[in-house]
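# Coordinate analysis (summary)
In case you want the letters, here they are:
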Amino acid sequence: MGEPRRGGVRRYRFTDGPAALALRIPEVLDSQYGMYVWPCAVVLAQYLWVHRRSLSGKRVLEVGAGVSLPGVVAAKCGAEVILSDSEELPQCLQNCRRSCLANHLPHVTVVGLTWGRVSPELLSLAPVDIILGSDVFFDPKDFEDILTTVYFLLEKNPHAEFWTTYQVRSADWSIEALLCKWKLKSIRVPLHSFSADKEHLASSSLPGRHTIELMIISLARSDGTSEFIPLAASNTR
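Residues numbered from 1 in each chain as written. Predicted model: local features only at pLDDT ≥ 70, side-chain atom pairs only at ≥ 80, totals over all residues. Heavy atoms only, no water.

## Some thoughts on helix α3 (residues 90-102)
- The end-to-end C-alpha separation of α3 is 18 Å, in line with the 18 Å expected for 13 residues at 1.5 Å each.
- Those residues of α3 that sit buried are Cys 92, Leu 93, Asn 95, Cys 96, Ser 99, Cys 100 and Ala 102.
- Here the buried face of α3 lies against β2 (19-26), α2 (69-76), β4 (80-85) and β5 (109-112).
- Looking one or two residues beyond α3, the residue adopting positive phi is His 104, at roughly 60°. (Helix = DSSP H or I, 4+ residues; strand = E, 2+ residues; numbered from the N terminus. Expected span 1.5 Å × (residues − 1). Buried < 20%, exposed > 50% of the residue type's maximum accessible area, 1.4 Å probe, protein only. Contact = heavy atoms within 4.5 Å.)

Next up, the structure:
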């Protein structure tokens, strides 16, 4: 494959009364998924912005970060952030670094982590409080690898939570069985509860008319129960 075509810079502005956060996210027009901002990333970033006061000092890991909008928001809100994407996609890792530099965050660590693989990088990760993932449930063939990695991290950090957004694409997709298999529980967070139930967020036309869901995944109770989470919504915006 040849060199990727040039892209541009998307600008986002998150507001809450007099508080505001302006960000610049470089993008590259390329077939790789992690080279530009997806609608789910804006919704997850809005959730982080609304809960920014609880992020200061928290240790946050973003998986499948791509251009890293949620991770950059978390870092700007005072979290200690590590950004990660597949070690097999060096261009995505470079995009993580470009987003950090564009927003004056040179201290943020970027590491290669491939879902489903227990690598030295995964084993040596520092403790985390929050794991972020926007639209990582994109391809059903990756679902188990994602949850395998998430389970490994939650086992090492039992207090931690996985905050994730996904776009509804098929009524047939579900992670219910995998959540039970890996003894995980989940809670769906209504978009209206953090002012994300709209077509435009953060001075952006994203998420548009896409139906986005946000859920929080953590280790299940001792009885192993978890809430049923299909990857399709009962209604759309």
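So that's the structure; there's more coming.
## Describing the sheet that holds strand β11 (residues 212-219)
- An order of β5-β4-β3-β6-β7-β11-β8 is seen for the seven strands of this open sheet, with the pairing classed as mixed. Lying at the two open borders of the sheet, with one neighbouring strand each, are β5 and β8 (184-189). Taking each pair of neighbouring strands and ignoring which way they run, the sheet shows an average axis angle of 25°.
- The sheet contact formed by strand β3 (residues 59-62) and β4 spans four bridges and is parallel. Residue pairing in the sheet places Leu 61 in a bridge with Ile 82 of β4.
- Of the strands in this sheet, β6 (130-134), β7 (161-167), β8 and β11 touch helix α1 (residues 39-50), which is tilted by about 140° from β7.
- Set on the sheet, helix α5 (residues 143-156) makes contact with β3, β6, β7, β8 and β11; between it and β11 the angle comes to about 45°. (Pairing = 2+ DSSP bridges. Axes fitted to C-alpha atoms, helices over the stretch in contact; angles between N-to-C directions.)

## Remarks on the packing of α1 against α2
- One can describe the packing of α1 onto α2 by two numbers: an axis separation of 8 Å at closest approach and a directional angle of 15°. In terms of orientation, α1 and α2 fall into the roughly parallel class. As α1 runs across α2, the sense of the crossing is right-handed. Along the contact surface, α1 presents Ala 41, Val 42, Leu 44, Ala 45, Leu 48 and Trp 49, while α2 presents Leu 69, Pro 70 and Val 73.
- Its residues assigned to classes, the contact of α1 with α2 shows nine nonpolar, no polar and no charged. (Parallel < 35°, antiparallel > 145°, perpendicular 65-115°, else oblique. Left-handed = near helix turned anticlockwise from the far one by under 90°. Nonpolar A, V, L, I, M, F, W, Y, C, P; charged D, E, K, R; others polar.)

## Thoughts on α2
- With respect to burial, α2 is a largely interior element, seven of its eight residues being buried.
- Residues of α2 that are buried include every one of Leu 69, Pro 70, Gly 71, Val 72, Val 73, Ala 74 and Ala 75, and no others.
- Of the residues one or two after α2, Gly 78 is the one with positive phi, at around 100°.

## Considerations on the pairing of strand β1 (residues 9-16)
- Of the strand pairs in this sheet, β1 and β2 are connected by eight bridges, and their pairing is antiparallel. Among the inter-strand pairings, Tyr 12 is bridged to a residue of β2, identified as Leu 23.
- In this antiparallel pair of consecutive strands, β1 and β2, the connection spans two residues, and Gly 17 shows a positive phi of 60°.

## Examining the environment of Trp 163
- Relative to the elements of secondary structure, Trp 163 occurs in strand β7.
- According to the relative accessible area criterion, Trp 163 is buried, its value standing at 7%.
- Separated by 119 residues in sequence, Trp 163 and Leu 44 have C-alpha atoms that sit 8.0 Å apart.
- Dropping the residues within four chain positions of it, Trp 163 is found in contact with Leu 44, Tyr 47, Leu 48, Leu 55, Ile 130, Ile 131, Leu 132, Gly 133, Met 215 and Ile 216.

## Some remarks on the environment of Leu 44
- One can find Leu 44 in helix α1.
- The exposure class assigned to Leu 44 is buried, which follows from its relative accessible area of 0%.
- For Leu 44 and Pro 70, which are 26 residues apart along the polypeptide, the C-alpha to C-alpha distance reads 6.1 Å.
- Not counting the four nearest positions on each side in its chain, Leu 44 is found in contact with Pro 70, Leu 132, Gly 133, Ser 134, Trp 163, Thr 165 and Leu 214.

## Quick notes on the confidence of the model for the chain
- In the predicted model, the chain carries a mean pLDDT of 90, and 88% of its residues have values of at least 70.
- Considering only residues more than four positions removed or in separate chains, one finds that residues 1-5, a stretch of pLDDT under 50, has nine contacts. (pLDDT = per-residue confidence, 0-100.)

## Describing the nonpolar core
- The biggest cluster of nonpolar side chains holds 47 residues, and the ones touching the most others in it are Tyr 12, Phe 14, Val 37, Leu 69, Val 73 and Trp 163.
- With nine residues, the top contributor of residues to this core is α1.
- Beyond its immediate sequence surroundings of up to four residues, Val 73 is in contact with Phe 14, Leu 21, Leu 23, Ala 45, Leu 48 and Trp 49.
- By size, the runner-up hydrophobic cluster in this structure holds 27 residues, among which are Ile 82, Val 128, Leu 154 and Ala 160. (Core = buried A, V, L, I, M, F, W, Y, C linked by side-chain atoms within 4.5 Å.)

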